[in-house]
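Each chain is listed here by its residues.
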Amino acid sequence: MSDFLAAAIRIATPLMLAALGGILSECAGVFAVGLEGMMLAGAFAAIIGAWLSGSDLVGVLFSMLGGAAIALAVAVVAVRYRADHMVTGLTANILALGLTSYLLRVAGGGRPIAIHLTPLQAWPIPGLADLPVLGPLLFVQPPLTYLALLGCGVLAIFLTRTQAGLTLRATGENPEAVFTSGAEPLRVRMLAVIACGAIAGIGGAVLSLQQVGTFTDGMTRGRGYLVLAALIVGRWNPWGAMAACLFFGAAEAFELRLQSFGVPVGSYIVQMAPYLIALAVLAGLGRSSRLPAAIGQPIRTE
Amino acid sequence: MSEPTSSSPVAVPQQARRIGFRLHRGDHLFVRILIAVLLSMLCAGALVAVSGHDPVAAFVALVTGAVGSPHQIGAAFNRTTPYLLAGGGVAMCFRAGIINIGAEGQIAVGGMGTAAVALVWFDDLSAVSTVAALLGGAGAGALWAGLAAAIHLGRRVHEVLATLLLNFVALLLVQQVLAGPLGEFGAGFLQSPLLPRASWLPRISPFNAHVGFLIAVVAAALLSFTLWRTRFGFALRVAGHSRPAAAYAGFSLPLLTWSVMVLAGAVAGLAGGIEVLGLHRRLIEGFSLGFGFKAVTVALLGALEPLAIVPAALFVGLLEAGSLSMQRQIGVPSALVVVIEGLTMLFVLAATVRRL
Amino acid sequence: MPELLEMRGVIRSFGTLRANDGIDLDVRGGQILGLLGENGSGKSTLMNVLFGMLPPDSGKITFRGRELSGHRPRDAIAAGIAMIHQHFMLVDAMTVVENVMLGWPAAGRVLRGTETADRIHQVSRRFGLDLDPFARVGDLPLGRKQRVEILKAILREADLLILDEPTSNLAPSEVADLLKILRSLRTEGKGIIFISHKLPEVLELCDEIVVLRDGRVTGRMPAAGASRARLAEMMVGRDVTAPHELSPRIPGEVRLAVRNITVPGLSGLSFEIRGGEILGVAGVDGNGQIELAEALTGLRRATNGSILLDAVDVTHAPVAARVRAGMAYMPADRSSTALVRNMSVAENLMLRDSDRSPYVRGVVLARLPLAAKARELMMEYDIRAPGPGVIVARLSGGNQQKIVIARELDRAPAVLVAHQAAWGLDPGATRFVLDRVIALRNAGAAVLYISSELEEVLAISDRIAVMADGCFAGLVSRADADRRQIGLWMSGRAA
């Protein structure tokens, strides 16, 4: 059982970080469909950065840059040029896929460069790690997982207790009100999207740097889209989104367990579980999900 | 609510539009798209130069790889076909304001349907079995899209998420079916047995292109006609401009949504069937990977006009056909083509905002 | 009291339209200045320029001795100017405190929620605003929402308050409360610019009045002793109070019978309209008018009750069926419901009739007959446009509304539901609309004319109903209509 929960947390970590970024973007009024591409770019940049510098920290910093780069494209086209948010996000994902695969091969002189780093080790927290049950589960985790958990609290405080967070949320509800209160809604949205990219990039670093130590084409495999569902289920609230991500992580861990148990259902059907569960949860929520009022609406400047 | 007394901040075409085909737009829509394409090629050239290769040589290899020989041209047309069909269906959805990114799953399911019908149909008359198999594919795709639409309409799940999540399910479904009833034993990888000769699509020599491209062009023309000359197309366009206006006009928005999704699904399913019967002659796992996003690319490049999607799809098809030989000859990774597609789409989006 | 604001020679154009054509304006502390003008006279533009939302093409603005130029709202607020827009700049999903703290540096980078809440309590008590800091703004009635805006202005220590059409959505009792609050602000030494097109209120509240018309100042005088007729003339340029000729008619059969119609926002409404009769519905916007219009025309589903059109039950009929049965509808939202702005004149003319000839042959649209019919309608209804293929967005508001009328009336409907049919139109276009509606009535149709402009309703209705809180607070015939009684009925809504 504790194995199962550990797996759930492990699978959920990249989702959680991406979700934190997604909340920033969507609360400011920009659909975060580009999360997939931001994560992928972050995953790639993390490996390259860590490999070039020999330092994992530099790798994480690079991952933020990688995610932010893709986010910049989304910010310019969707926010500044007012193109449709969803389609722009999709486009950014395609671009990220192409760029990462291309650069991976350019670095390797035509074939994918073979980088194999040691995945990040767990950092046990002295004292807390010895607690029964919770100890090994929550307090013996690799560093980026702690970052994800801390990030939740920081984001919650930021959104509800600071002027900047208030302005960000207001931009997603009524950009005109923000304008007349003295801020620039366009700038707020662009910054929110870029910040989203940086944080989602760290989520990508979890996949590549923390979990396997290498980068493979398209390694995010649609996780960014799953996070979109988590945002809705978690009602754009950091704690809710974290819970939703854990839930999806558990769903996938469950599916992996099922496979190893040799259930009579076909193995591919079993792999559908996370997606079907996500659909079922969204369908169950249906009418009660309430988006930020101005999300997706372009900002007109006089 | 107050009436705007000043000029509208919304970009509107400068010239009146004619009712009917609008290949000549006063606001230089297609010129903008062309510029976007050129810009992205320039960026790609820069990327190639940065990686230490000669951009011009790469470009030449790309072009000769695409159109160098009849065989290669045929291969390009073959690649273009599913993009053209799926792009047309997606464009119709976008026109109605519905973002359908489920083409990948609908193509996969369509391929599955076609293979199933082809394997079961015992007719020796090739035309009949081909048509039946293709219809089976279209039907399967339509069903899959209808499912997404039902989830979207019935439970208010956003259509992007509904179509997207069902993509994953569709791909897994096809894999499961290939591991089971439709699979070929002892093949080593997931594929169906070779489909009966009678169902194969005829090929045009010396190009070695299958007739799917012609089917796709006819389909594009029919879609364009539907969009501009039928009441259904009019309703779609109204709904895409303004949902309250569509309700006021007496159109049923749920019915419109469902219909255009099913239409797009059928067209995508047909594309899947054509891939299976024309190109691979069997059902292979993952044969539709990436097609959904290609469909969106092509739809945007063609400014959501089914007839203009023909050259748009050709552009993408030629790019991809040429990229493999570019990789072989010059050493530039074929992933560059995906970068070009992504950049092109971004520039097109920025250049055509609110004009589509 | 000191000179607060001085605006000299303000010019601002939008394309070829000169919204402000060299305007001078002065406001002192402790003074309420009324800015009077019709829609399109330039009053909102002038205030947007003052507040920094729009840059002027030329002109000088001096506030408290310092020149304001190239400023954004942020700078105007910092200088001491507060603007309360007609459409509130509030975030519905947030509380009063959060709305107050938004963009307010004094609330701190890390927000001081409890401190701000206390200050809100203080100010609220002092000025009689009666606001709960932790209430969700979206749940507040319009009158209270407006007070949140005023609260923000007071807390930010504004010296000049600009109120843009503040009473357009308020019931008479709410208006009285607002005027009281404004007077107490004046006593505190604040300057107030009160923008309105409602003469009685401006005369009651303001110290001085400035009249704008077509971007220019046409009159400037103290409110004491100003005559209504003279002001009206300066606003509009001619005497508009000429009533419409409404020939008395003996009404025919009942064409529209509504029994107990219920919809969220509408509580069990019943009434009848006969052929050759106009039933006018007056009342402050937001009392169930849109719910009524949409329930009748099929855009909203009624949970209870029945609607009979020429004795045919259309209660559960879809929109298209009601159109077939003879119900025409001119919605209030012209730009995105009644018309598709980015489509052509011809396509808009066929918007609701695309399933019948001459527009369609089978499933295919008939292009040539459509263009021909469009030209015919454009001629008959005087729609000024270069051709039927022109995009509707390029036409003026008046011409856009003519398209709507042409479409709805060409069907020779049995019943017309018109909601805010003359909103935002210049006098000529308004005349056109009202004439056509009367012509339809003379031809024997039943008309439900809903409008928040009492003058319009009084001018053309055979019977007048007043809507308040989702039902008819009163119903009188034209002959028995008494303004005071109607005003009382309208104020049925509590602040």
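Everything numeric here is computed off the predicted structure, so don't read it as measured data.

**Q** Sorry if this is basic, but what is going on with the overall build of chain C here?
**A** The helix and strand inventory of chain C stands at 17 helices and 22 strands. Relative to the 2.2 N^0.38 estimate, which gives 23 Å for 495 residues, the radius of gyration of chain C is 25 Å and therefore close to what a compact globule would have. Seen through its principal axes, chain C has C-alpha atoms that stretch 70 × 50 × 45 Å. Per-residue burial for chain C yields a buried fraction of 47% across its 495 residues. Taking all contacts inside chain C whose residues are at least 6 apart in sequence as the whole, residues at least 24 apart take part in 66%.

**Q** Could you clarify how one ought to interpret the overall build of chain A in this entry?
**A** In terms of helices and strands, chain A carries 13 helices and two strands. By the compact-globule yardstick of 19 Å for 302 residues, chain A fits well, its C-alpha radius of gyration being 19 Å. Along the longest, intermediate and shortest principal axes, the C-alpha atoms of chain A span 60 × 50 × 45 Å. A total of 302 residues make up chain A; the buried ones form 58% of that total. Across chain A, the fraction of contacts at a sequence separation of at least 24, relative to all contacts at a separation of at least 6, is 74%.

**Q** In this structure, what is going on with the sheet that holds strand S5 (residues 66–68) of chain C? I would like to understand it.
**A** Strand pairing in a sheet takes place through backbone hydrogen bonds and is either antiparallel or parallel in direction. All names here are of chain C. Pairing in this open sheet of four strands is antiparallel, and the strands run S2-S1-S4-S5 from one edge to the other. Each having just a single partner strand, strand S2 (17–28) and S5 make up the two edges of the open sheet. Mean inter-strand twist for the sheet, computed between neighbouring axes without regard to direction, equals 20 degrees. Taken together, the nine bridges between strand S1 (residues 3–14) and S2 define a ladder with antiparallel strand orientation.

**Q** What exactly am I supposed to notice about the interface of chain C and chain A here?
**A** Taken together, the contact pairs 20 residues of chain C with 17 residues of chain A. Those elements that provide at least two residues to the side of chain C that touches chain A are helix H2 (73–79) and helix H3 (96–101) of chain C. Element by element, the count of residues in the side of chain C that touches chain A is highest for H2(C), at three residues. Looking at the side of chain C that touches chain A residue by residue, the class counts come to 14 nonpolar, two polar and four charged.

**Q** Would you mind showing me how to read the interface of chain A and chain B here?
**A** Quoted interface sizes are often the accessible area lost when the parts come together. If you look at the interface, chain A gives 39 residues, while chain B gives 36 residues. For the side of chain A that touches chain B, the elements supplying multiple residues, two or more each, are helix H3 (56–80), helix H4 (85–107), helix H10 (223–233), helix H12 (267–271) and helix H13 (273–285) of chain A. Residues that form the side of chain A that touches chain B fall into these classes: 26 nonpolar, nine polar and four charged.

**Q** Before we go on, may I ask you to explain the packing of helix H2 (residues 55–67) of chain B against helix H3 (residues 70–95) of chain B in this structure?
**A** Residues and elements named next belong to chain B. Interaxial distance between H2 and H3 falls to 5 Å at its minimum, and their mutual angle equals 90 degrees. Judged by the inter-axis angle, H2 sits roughly perpendicular to H3. The residues of H3 that touch H2, namely those facing Gly65, Ala66 and Val67, are Gln72, Ile73 and Ala76. When grouped by side-chain class, the residues that make up the contact of H2 with H3 number four nonpolar, two polar and no charged.

**Q** Sorry, what's going on with the domain arrangement of chain C here?
**A** Annotation of chain C at the domain level lists domain 1 (3–236) and domain 2 (254–490). Facing the eight residues of domain 1 of chain C at the interface are eight residues of domain 2 of chain C.

**Q** What is the right way to read the sheet that holds strand S15 (residues 312–313) of chain C from this model?
**A** Residue and element names in this part refer to chain C. Across the sheet, four strands lie side by side as S12-S11-S14-S15; this open sheet has antiparallel pairing. The strands lining the two open edges of the sheet, one partner per strand, are strand S12 (266–274) and S15. Bridge count between strand S11 (residues 254–263) and S12: six bridges; the pairing is antiparallel. Residue Ile261 lies in a different strand from S12, and its bridge partner there is Leu269. Most of the contacts of helix H9 (residues 289–297) go to S12, to which it runs at about 65 degrees, and overall it touches S11, S12 and strand S14 (304–309).

**Q** Mind showing me how you'd approach the pairing of S14(C) here?
**A** Two faces, one strand: in a regular strand the side chains alternate between the faces of the sheet. Residues and elements named next belong to chain C. In terms of strand pairing, S11 meets S14 through five bridges, oriented antiparallel. In the strand pairing of S14, Val258 is matched with Ile307. Bridge analysis of S14 against S15 gives two bridges, and the strand direction is antiparallel. Residue pairing for S15: Leu309 is matched across the bridge by Val312. Linking S14 back to S15 in an antiparallel pair, the connection comprises two residues, with Asp310 at a positive phi of about 50 degrees.

**Q** Sorry, what's going on with unusual backbone geometry here?
**A** Only a minority of non-glycine residues have a phi that is not negative, and only a minority of peptide bonds are not trans. All names here are of chain A. Of note in this structure, Arg221 is not a glycine but carries a positive phi near 45 degrees. If you trace the backbone, Arg221 turns up in the loop between helix H9 (185–212) and H10. Judged by the 13 C-beta atoms lying within 10 Å of it, Arg221 is partly exposed.

**Q** Please clarify how the confidence of the model for chain C should be interpreted in this entry.
**A** Close reading of the predicted structure is inappropriate where its pLDDT is low. Mean pLDDT over chain C works out to 87, with 96% of the residues at or above the 70 mark. Both scores are given for the predicted complex: the pTM is 0.85, the ipTM 0.89.

**Q** What is the right way to look at the packing of helix H2 (residues 35–53) of chain A against H9(A) in this model?
**A** When two helices pack together, their arrangement is given by the angle between their axes and by how far apart the axes lie. All names here are of chain A. At their nearest, the axes of H2 and H9 sit 6 Å apart, and the two run at 60 degrees to each other. Taken together, the axes of H2 and H9 lie oblique to each other. Classified by chirality, the crossing of H9 by H2 is right-handed. Residues Leu35, Met38, Met39, Leu40, Ala41, Gly42, Ala43, Ala45, Ala46, Ile47 and Ala50 of H2 touch H9, and the partners they reach there are Cys196, Gly197, Ala200, Gly201, Ile202, Gly203, Gly204, Ala205, Leu207, Ser208 and Leu209. In terms of residue class, the contact of H2 with H9 is made up of 16 nonpolar, six polar and no charged.

**Q** Help me out: how do you make sense of the environment of Val312(C) in this one?
**A** Structurally, the position occupied by Val312(C) is in strand S15. Each C-alpha atom, one on Val312(C) and one on Met234(C), is 50 Å from the other, the two residues being 78 residues apart in sequence.

**Q** What is the right way to look at the nonpolar core in this model?
**A** Across soluble globular proteins, you tend to see nonpolar side chains buried next to one another. Of all hydrophobic cores here, the largest spans 398 residues; its most connected members are Ala19(A), Ala230(A), Ala86(B), Val339(B), Ile81(C), Ile162(C) and Phe194(C). The element contributing the most residues to this core is H9(A), with 16 residues. Discounting chain neighbours no more than four positions away, the residues touching Ala86(B) are Ala103(B), Ile107(B), Val267(B), Ala268(B), Ala271(B), Phe291(B) and Ala295(B).

**Q** Even after reading the chapter, I still don't get helix H7 (residues 212–229) of chain B, so can you show me in this structure?
**A** Every α-helix winds through 3.6 residues per turn, so residues three or four apart in the chain are directed the same way. The first and last C-alpha atoms of H7(B) sit 25 Å apart over 18 residues, in line with the 26 Å expected at 1.5 Å per residue. Buried residues in H7(B) make contact with H3, strand S2 (209–210), helix H8 (231–241), helix H10 (253–280) and helix H12 (309–330) of chain B.

**Q** Help me understand the environment of Gly143(C), please; the structure alone is not making it clear to me.
**A** Secondary-structure assignment places Gly143(C) in helix H5 (residues 142–155). C-alpha of Gly143(C) to C-alpha of Asp177(C): the two residues are 34 residues apart in sequence and 9.2 Å apart in space.

**Q** Could you clarify how one ought to interpret H4(A) in this entry?
**A** Residue and element names in this part refer to chain A. The terminal C-alpha atoms of H4, which comprises 23 residues, lie 32 Å apart, in line with the 33 Å expected from a rise of 1.5 Å per residue. In terms of burial, H4 is largely enclosed, as 22 of its 23 residues are buried. Backbone geometry just after H4 places Gly109 at a positive phi near 70 degrees.

**Q** Help me out: how do you make sense of the environment of Ala385(C) in this one?
**A** Within the secondary structure, Ala385(C) is located in the loop between helix H13 (367–380) and helix H14 (397–410). Beyond its immediate stretch of four places on either side in the chain, Ala385(C) contacts Val345(C), Met378(C), Val390(C), Leu395(C) and Asn399(C).

**Q** Would you explain the confidence of the model for chain A in this entry?
**A** On average, residues of chain A score 90 in pLDDT, and 97% of them are at 70 or above. Least confident of the elements in chain A is helix H5 (residues 134–138) of chain A, whose mean pLDDT is 77; most confident is H2(A), at 96.

Here is what the cut-offs are and how they apply
Residues numbered from 1 in each chain as written. Chains lettered and ligands numbered in written order. Predicted model: local features only at pLDDT ≥ 70, side-chain atom pairs only at ≥ 80, totals over all residues. Helix = DSSP H or I, 4+ residues; strand = E, 2+ residues; numbered from the N terminus. Rg over C-alpha atoms; globule rule 2.2 N^0.38 Å. Buried ≥ 20, exposed ≤ 12 C-beta atoms within 10 Å, placed from the backbone. Contact = placed C-beta atoms within 7 Å. Pairing = 2+ DSSP bridges. Axes fitted to C-alpha atoms, helices over the stretch in contact; angles between N-to-C directions. Nonpolar A, V, L, I, M, F, W, Y, C, P; charged D, E, K, R; others polar. Parallel < 35°, antiparallel > 145°, perpendicular 65-115°, else oblique. Domains from an automatic or database assignment. pLDDT = per-residue confidence, 0-100. Left-handed = near helix turned anticlockwise from the far one by under 90°. Core = buried A, V, L, I, M, F, W, Y, C linked by C-beta atoms within 7 Å. Expected span 1.5 Å × (residues − 1).

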